[in-house]
Amino acid sequence: MSSSVVSGRARWLLLGGFVLAALNLRPALAGLSPLLPAIMEDLGLRPAQGGAITTVMVLCLGLCGPLAPALAARLGLDRTLLVGLLLLAAGIAVRSADGLVALYGGAAMAGTAIAIMNVAMPGLVKQHFPDRVGPLTAVYVSSLVCGAATASAVTVPLAAAAGWRLAAGAGAVFALAAAVLWAPQTFGARARRAGSPGRGRSYRVLLRSRTTWIVMAFMGLQSLTFYIMLAWLPTIFQSAGLSAEEAGYLLGLTNLAQIAATLTVPVHAGRARTQVPHVIVAALLTIIGYLGVLLAPTTVPWLWMIVLGVGQGASIALALLIITLRAPDPASVTALSAVAQSAGYVLAALGPLAVGLLHQRSGGWTAPLLAGLGVCVIQCVVGAVAGRPVPDPRQATGRRDTEDVPDVPDVRPTDRGAR
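Throughout this document, residue positions are counted from 1 along each chain, in the order its sequence is written. In keeping with the predicted nature of the model, local features appear solely for residues at pLDDT of at least 70, side-chain atom pairs appear and are counted solely at 80 or more, and the whole-chain, interface and lining totals rest on all residues. Here the side-chain values reflect all heavy atoms present in the structure, with hydrogen atoms and water set aside.

Asks: Would you mind going over the overall build of the chain with me for this structure?
Replies: Under the scheme used here, helices are H or I runs from DSSP no shorter than 4 residues and strands are E runs no shorter than 2 residues, and both carry numbers assigned from the N terminus. Helix and strand counts for the chain come out as 18 helices and 0 strands. Here the term buried applies to any residue with accessible area under 20% of the maximum for its type, exposed to any over 50%, and partly exposed to those in between, with areas from a 1.4 Å probe on protein chains only. With 419 residues in all, the chain has 59% of them scored as buried. Relative to all contacts within the chain whose residues are 6 or more apart in sequence, the contacts with residues 24 or more apart total 84%. Accessible area for the chain stands at about 15600 Å²; split by element, carbon and sulfur atoms hold 66% of it. In this description, contact between two residues means that some pair of their heavy atoms is separated by no more than 4.5 Å. Computed with a 1.4 Å probe, the accessible areas rest on the Shrake-Rupley method; for each residue, only the protein chains presented here act as cover.

Asks: What am I meant to see in the packing of helix α5 (residues 67-75) against helix α7 (residues 100-128) here?
Replies: A pair of packed helices is characterised by two quantities: the angle between their axes and the separation of those axes. Running from N to C, α5 and α7 cross one another at 65°; their axes reach a closest spacing of 8 Å. When the interaxial angle is binned, α5 and α7 end up roughly perpendicular. The element α5 and its partner α7 pack so that their crossing is right-handed. The segment α5 lies against α7, with Leu67, Ala68, Pro69 and Leu71 engaging Thr112, Ile116, Val119 and Ala120. Interaxial angle, 0 to 180 degrees, is taken between N-to-C directions of lines fitted to C-alpha atoms, where a helix line uses only the stretch in contact. Throughout this description, any angle smaller than 35 degrees is read as roughly parallel, any larger than 145 degrees as roughly antiparallel, any in the 65 to 115 degree range as roughly perpendicular, and the remainder as oblique. Two helices crossing with the near one rotated counterclockwise from the far one by less than a right angle form a left-handed crossing, whereas a clockwise rotation gives a right-handed crossing.

Asks: Can you help me understand the environment of Gly147 in this one?
Replies: Structurally, Gly147 is set in helix α8 (residues 133-162). For Gly147, a relative accessible area of 6% translates into the label buried. For the pair Gly147 and Gly31, spaced 116 residues apart in sequence, the C-alpha to C-alpha distance is 9.4 Å. Residues contacting Gly147, with those up to four places away along its chain left out, are Leu23 and Pro27.

Asks: Honestly, helix α4 (residues 47-63) in this entry has me stumped. Any pointers?
Replies: Count 3.6 residues to each turn of an α-helix, and residues three or four apart come out pointing the same way. Under the convention used throughout, the expected extent of a helix is 1.5 Å for every residue step, that is, one less than its residue count. Here α4 spans 24 Å end to end across 17 residues, near enough to the 24 Å set by a 1.5 Å rise per residue. Think of it this way: the bend at a residue is just the angle between two axes, each fitted to seven residues, one set ending at that residue and the other starting at it. The principal kink in α4, of about 30°, is found at Ile53. Counting buried residues in α4 gives 12 out of 17 residues, a clear majority hidden from the surface. When α4 is considered as a whole, its buried residues turn out to be Ala48, Gly50, Gly51, Ala52, Ile53, Thr54, Thr55, Met57, Val58, Cys60, Leu61 and Gly62. Elements that come into contact with the buried residues of α4 comprise α2 (27-30), α3 (36-43), α6 (77-95), α7, α13 (210-239) and α17 (330-362).

Asks: What is the right way to look at a nonpolar patch on the surface in this model?
Replies: Patches were defined on residues exceeding 30% relative accessible area and lacking a salt bridge, with like-charge contacts within 9 Å and nonpolar side-chain contacts (Val, Leu, Ile, Met, Phe, Trp, Tyr) within 5 Å. Each reported salt bridge corresponds to a side-chain nitrogen of Lys or Arg within 4 Å of a carboxyl oxygen of Asp or Glu. The grouping of Val300, Trp302, Leu303 and Ile306 at the surface amounts to a nonpolar patch, some 320 Å² of accessible area in total. For Val300, the location among the structural elements is in the loop between α15 (276-295) and α16 (301-325).

Asks: Is there a simple way to think about the packing of aromatic side chains in this case?
Replies: Geometrically, a pair of aromatic rings is defined through the distance of the ring centres and the angle of the planes. Stacked, edge-to-face and tilted are the three classes for Phe, Tyr and Trp ring pairs, Trp counted by its six-membered ring, which pair at centre distances within 6.5 Å; planes under 30 degrees apart are stacked, over 60 edge-to-face, the rest tilted. Tallying each qualifying case throughout the model produces 4 aromatic pairs. Ring plane angle 50° and centroid distance 5.6 Å describe the contact between Trp232 and Trp365, whose orientation is recorded as tilted. With Trp232 in helix α13 and Trp365 in the loop between α17 and α18 (366-386), this pair connects stretches of sequence that are 133 residues apart. You'll find Trp232 and Trp365 in the same group, each marked buried. Put simply, the rings of Phe18, Phe129 and Tyr140 pair up and form one aromatic cluster.

Asks: I tried to follow the nonpolar core on my own but got confused; where do I start?
Replies: Across soluble globular proteins, nonpolar side chains show a tendency to be buried alongside one another. Among the buried residues, those of types Ala, Val, Leu, Ile, Met, Phe, Trp, Tyr and Cys that are joined through side-chain atoms within 4.5 Å form a nonpolar core. Counting 115 residues, the largest nonpolar core has Leu88, Tyr140 and Tyr227 as the members making the most contacts within it. When neighbours within four sequence positions are excluded, Tyr140 is seen to be in contact with Phe18, Ala22, Leu25, Met121, Pro122, Val125 and Leu320.

Asks: Would you mind going over the confidence of the model for the chain with me for this structure?
Replies: Interpretation of this model should avoid reading the predicted coordinates in detail wherever pLDDT is low. The predictor reports its confidence for every residue as pLDDT, a score running from 0 up to 100. Summing up the model confidence of the chain, the mean pLDDT is 81 and the portion of residues at 70 or higher is 86%. Highest mean pLDDT in the chain belongs to α15 (95); lowest belongs to helix α11 (residues 188-194) (51). Taken as a whole, residues 192-200 scores under 50 in pLDDT and shows 16 contacts with residues more than four places along the chain or in a different chain. For residues 393-419, every residue scores under 50 in pLDDT, and the model assigns this stretch 57 contacts once sequence neighbours within four places are set aside.

Asks: I would appreciate a short explanation of the pattern of salt bridges in the present structure.
Replies: Oppositely charged side chains may form a pair once their charged atoms are brought near each other. All chains considered together, the criterion is met by 1 salt bridge. In this structure, Asp42 and Arg165 form a salt bridge, with 3.6 Å as the shortest nitrogen-oxygen distance. With a gap of 123 residues between them, Asp42 in helix α3 and Arg165 in helix α9 (residues 164-169) connect regions that are remote in the sequence.

Asks: Looking at this structure, I do not really get α3. What am I missing?
Replies: For α3, the complete set of buried residues consists of Leu36, Ile39 and Met40. One side of α3 holds all its buried residues, which, seen down the axis, span an arc of 95°. Summarising the contacts, the buried residues of α3 are in contact with α4, α7, α9 and α13. In the segment just after α3, Gly44 is the residue with positive phi, at about 65°. Note that the arc is computed from the directions linking the helix axis to the C-beta atoms.

Asks: I keep staring at the packing of α5 against α6 and nothing clicks. Help me out?
Replies: Where α5 contacts α6, the axes come no closer than 7 Å and their chain directions differ by 125°. In terms of orientation, α5 and α6 fall into the oblique class. In this structure, α5 crosses over α6, and the sense of that crossing is right-handed. When α5 is examined against α6, the residues Ala68, Leu71, Ala72 and Leu75 are found in contact with a partner set consisting of Leu77, Arg79, Thr80 and Val83. Across the contact of α5 with α6, the residue classes tally to 6 nonpolar, 1 polar and 1 charged. Polarity classes work like this: nonpolar for Ala, Val, Leu, Ile, Met, Phe, Trp, Tyr, Cys and Pro, charged for Asp, Glu, Lys and Arg, and polar for all others, with Gly in that last group.

Asks: Even after reading the chapter, I still don't get the side chain of Asp78, so can you show me in this structure?
Replies: Of note, Asp78 is situated in helix α6. The exposure class of Asp78 is buried, given its relative accessible area of 4%. Each polar contact in these results corresponds to two N or O atoms within 3.5 Å; when the atoms are within protein, one needs to be able to donate a hydrogen and the other to accept it, and residues that are neighboring in sequence are counted only if both atoms are side-chain atoms. Within polar-contact distance, the side chain of Asp78 engages the side chain of His128 at 2.9 Å.

Asks: Explain the state of the cysteines here, please?
Replies: As used in these notes, a disulfide is a covalent bond between sulfur atoms, one from each of two cysteines. In what follows, a disulfide is any cysteine sulfur pair within 2.5 Å. Applying the stated criterion to the full structure yields 0 disulfides. With no disulfide of its own, Cys376 lies 9.5 Å from the sulfur of Cys380, the closest cysteine sulfur. Overall, the relative accessible area of 1% leaves Cys376 in the buried class.

This is how it looks when you write it as structure tokens:
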């Protein structure tokens, strides 16, 4: 039995802390985009400068991802998640303070925290729930999406009542609450048993694997199409004539619609021999959502948001599931997660900034949305390759087709329970 398996009240506390931590993975990002028009007006920012706030955060998601394996090797995955939550609370608070330095500096802190947590979560699934990877991936990705949907829906009313600074900073309280609930996992005998996930992994060897690059590209492309909409969708709807409140609710709806996909797709796809059909359907739904926003943004916008949300929810769930399935133990999952998410989010960071520049130059949203559609098509192709059938790495020893398993040094499970 794995040393991380617990029972009774402790297991419920573990699951509760895990879910609450996952709920904090997106509000700092999703809650910002409905406030962009108010922030830009208050601080006199151009569209590219406004998009750069989200770009800074997403760029940190990419550049700072490798901090997670380093922290995990020293502190263990449980304490690494706690560090991320505390840093997130501090970053959100700083971001809502006065001045451009605080705005961008706090965004960088929050982005770094989310990067650490993003990379740690697949490893925590493998560490604490080794026999239920699909269902627990569904739980945490659904919690991630639910947090984003809630933030998108409540931010504008809160800003109308108390100002955009308070609305942007409210997430710090939620992050602190998650840190308090997760803290029991980081102290005492159980935390020492969980400890480090294993020896450090060689990134140079990992990058020699073709699978690593494919997973990395899929993670980046689906993130790119997601963050384009996350950053600019409310502004696009407001430009089409909808109110700020309506635009915020529509962004909340598309995030909420993702939950249906994130609750079901990882469970089904995790049992399937191939994830290719899931990846293709998810990409096609995302394309339909983009087309709806481009061609008829004020005609049944709720329908476009539901279709877009299901497509994007399925895409992120599949990307994270594929990361978890491609390595056999928590340390290997964390290493692959760091590489795939780091490079992937660096690519995704270009989206909001590029869309802002395209909008600034073209004076409309046609060119930016067409560019986003092009990325969706590439996402479909790359995702189909990433989702192809591969052998279960836990059963693949001695087989020729194990070349599809990332070549992480010493990827053998550290104990039988981790298998």
